[in-house]
There are 2 protein chains.
Amino acid sequence: MTDIKTGTPEIARGPAKPLSRKVPRKAPAKPGGTPAGKRSGKRDKLLDTAIALFCKNGFHASGIDRILKESGVAKMTLYNHFRSKDDLILAALRRYDETGRKAFVKAVEKMAPDPRGRMLAFFDIVDNWVQDETFLGCPFVNAASEFHDKDHPAHRVAAEHKRLLGSYMARLAGDAGAGDPDALARQLMLLYEGAVNLAHVAGDRGAARSARTAAAVLIDHAVGRTAS
Amino acid sequence: MTDIKTGTPEIARGPAKPLSRKVPRKAPAKPGGTPAGKRSGKRDKLLDTAIALFCKNGFHASGIDRILKESGVAKMTLYNHFRSKDDLILAALRRYDETGRKAFVKAVEKMAPDPRGRMLAFFDIVDNWVQDETFLGCPFVNAASEFHDKDHPAHRVAAEHKRLLGSYMARLAGDAGAGDPDALARQLMLLYEGAVNLAHVAGDRGAARSARTAAAVLIDHAVGRTAS
DNA sequence: GTGAAATTGGACAGAACGGTCTATTTATCG
DNA sequence: CGATAAATAGACCGTTCTGTCCAATTTCAC
């Protein structure tokens, strides 16, 4: 793990040494082009188990041995795919960011066709999320909580996740005709962040619905004011 | 620490066994009434050091030995005042809640005399907070992140902290003449929570100012709509 | 089948963890 | 002063942690 005394994360820069002895098997690279399919089942299994345990019990509190036991993978397999626990944490967060964000956007766009409706759908999806019994807070907020150093890779991934989500919201705000899309998006992201965290910390089940109501007010204010 | 396998916090209920051999020295209880003064300097020092380290490095990542070294207190002194590390965490959070919330309210009331001004002052103070170089996120969000179990005492303290802050905001909203003070307060608390967390996770320095702008819109909407 | 790579289980190391115990010193108050 | 309680340093215990090493086995491409 990162040495908390020096505060220097040891895996900040990309891979230096190859992880596996040679090139990992991965795609056979047939000229015909066989679809990659299950590239590395063990790796995926590790990442799935890891992110689940990190979400449930925290990053520091989730031991390697626990992850291995739960995933049914041998220790050396883990250390062939990842350099360290920090590296595993980082990979799990990155994966969760990509898949989670894609799924989120997809759900939003499926729920409403117009930008205003999509901005509101944002909060409907959050409502579904926080009402879920398995809801354990935003994994990226949790990551930033355990890795306070802004230069820590895990914190960086968390910040980037929030930034990308905000960019999407700004695009919607622009499409909706807001005079200052970035300003509106920022305000809506405040409500989003607030809803997720109040739901988690205070156990407020209705946080997302309140956020939606407030969002509607802010949207109308921002759009109506400059559109009229 | 709490056994993460069973998930059962062992210090949920109040003190069962006395911590010190006899009654701690504390106030001499002279009939004349000598002011308590420094009741237990060591205990306070431990709590101060502990909360600082917990904020900086996290709860799990802050070892007992580190806290002792930093505070210059012997290990047995700690275990005479607190039953366990979990107990120390809890006491530190409780103390931070009380002093922090009092200071917050005091600053708000000093900054503006009227309820509407005070609701906005809320966000000015948050702005000061998050702009501070030493800002490390909300300790209670951090606590809830590391102790996900809603029944864990630390999570409970965090939830109570948010609830009390929300109650204060609701009182202001009522005084300001909002038709539904609880609803407005909830919306403003969403902005508060969002500002603190976006500032921390995404490093957004302007989050609190954006929150203030949005808060003004929501306040005017809630008050003007029902007051007219 | 053959050979190379991936995976396995388990032992192991070295450090850090929370917590206990004891013997000793320091401070406080009647 | 003398009694009593608080605080001290440090050894110590059992556990858990990340990470390493190895010999044996399985998987897969050809």
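Going along each chain's sequence as written, the residues are numbered from 1 onward. As they are written, the chains are lettered A onward and the ligands numbered 1 onward, keeping that order. Residues qualify for local features only when their pLDDT is at least 70, as the model is predicted, and side-chain atom pairs are given and counted only at 80 or more; totals for whole chains, interfaces and linings, by contrast, use all residues.

> Talk me through the overall build of chain A; I want residue IDs and the actual numbers.
Secondary structure elements are defined from DSSP: runs of H or I of at least 4 residues count as helices, runs of E of at least 2 residues count as strands, and each element is numbered from the N terminus. In terms of helices and strands, chain A carries nine helices and zero strands. Taken from N to C terminus, the helices and strands of chain A fall in the order α-α-α-α-α-α-α-α-α. Taking all 228 residues of chain A together, the buried fraction comes to 43%. For every residue pair, C-beta atoms are placed from the backbone, and the pair is scored as a contact if these atoms sit within 7 Å. If you take every contact in chain A between residues at least 6 apart in sequence, the share linking residues at least 24 apart comes to 63%. Residues with at least 20 other C-beta atoms within 10 Å of their own are called buried, those with 12 or fewer are called exposed, and the rest are partly exposed. The C-beta atoms themselves are positioned from the backbone.

> Describe the domain arrangement of chain A, with residues and values.
Residues and elements named next belong to chain A. Residue ranges for the domains trace back to a domain assignment, done automatically or taken from a database. When the domains of chain A are assigned, the result is domain 1 (20-82) and domain 2 (93-227). The partner domain 2 presents seven residues to the eight residues of domain 1 that form the contact. Residue polarity is assigned by list, with Asp, Glu, Lys and Arg as charged and Ala, Val, Leu, Ile, Met, Phe, Trp, Tyr, Cys and Pro as nonpolar; anything else, Gly included, falls into the polar class. Tallied by class, the residues present in the side of domain 1 that touches domain 2 amount to five nonpolar, two polar and one charged.

> Can you lay out the relation of the copies chain B and chain A for me, pointing to particular residues and giving the numbers?
Least-squares superposition aligns the copies on the C-alpha atoms of those residues with pLDDT at or above 70 in both. When chain B is fitted to chain A, the residual RMSD is 0.0 Å, and the transformation amounts to a turn of 180° plus an axial shift of 0.0 Å. Put plainly, the chains are arranged around a two-fold axis. Minimal C-alpha distance to the rotation axis in chain B is attained by B:G194, lying at 2.0 Å.

> How would you sum up the nonpolar core? Please name residues and give values.
Ranked by size, the top nonpolar core spans 126 residues in total, and within it A:A195 and B:A195 carry the most contacts. In this structure A:A195 touches A:F123, A:V126, A:V130, A:A207, A:A208, A:A211 and B:L190, once residues within four positions along its chain are discounted. Put simply, a nonpolar core is a cluster of buried Ala, Val, Leu, Ile, Met, Phe, Trp, Tyr and Cys residues tied together by C-beta atoms within 7 Å.

> Pulling in residues and values, what's your account of the interface of chain B and chain A?
Counting from both sides, the interface comprises 43 residues of chain B and, opposite them, 43 residues of chain A. Those elements giving two or more residues to the side of chain B that touches chain A turn out to be α1 (41-57), α6 (139-146), α7 (153-175), α8 (181-201) and α9 (207-227) of chain B. The greatest single-element share of the side of chain B that touches chain A, amounting to 14 residues, is contributed by α8(B).

> Outline helix α4 (residues 85-111) of chain B, supporting the account with residue identities and numerical values.
In an α-helix, one full turn covers 3.6 residues, which means residues spaced three or four apart are oriented alike. Compared with an ideal rise of 1.5 Å per residue, which puts 27 residues at 39 Å, α4(B) spans 38 Å between its outermost C-alpha atoms and is within 8% of the ideal. Among all positions in α4(B), only B:K85, B:D86, B:L88, B:I89, B:L90, B:A92, B:L93, B:Y96 and B:V108 are buried. To estimate how far a helix should extend, the number of its residues minus one is multiplied by 1.5 Å.

> So what's going on with the packing of helix α5 (residues 115-131) of chain B against α8(B)? Residues and values would help.
Residue and element names in this part refer to chain B. Lines fitted to C-alpha atoms define the axes, with helix axes restricted to the stretch in contact, and inter-axis angles between N-to-C directions lie between 0 and 180 degrees. The geometry of α5 relative to α8 is characterised by a closest axis approach of 10 Å and an angle of 10° between their N-to-C directions. With respect to their mutual orientation, α5 and α8 come out roughly parallel. The segment α5 lies against α8, with M119, F122, F123, V126 and V130 engaging L188, Y192, A195, V196 and A199. Per-class residue counts for the contact of α5 with α8 are 10 nonpolar, no polar and no charged. Orientation categories follow fixed angle ranges, with anything under 35 degrees roughly parallel, anything over 145 roughly antiparallel, 65 to 115 roughly perpendicular, and all other angles oblique.

> Mind laying out the environment of B:L78, listing which residues take part and the relevant values?
Residues and elements named next belong to chain B. In this structure, L78 sits in helix α3 (residues 75-81). Residues L78 and L47, spaced 31 residues apart in sequence, show a C-alpha to C-alpha distance of 9.8 Å. With sequence-adjacent residues up to four places away left out, L78 is seen in contact with L46, L68, V73 and L88.

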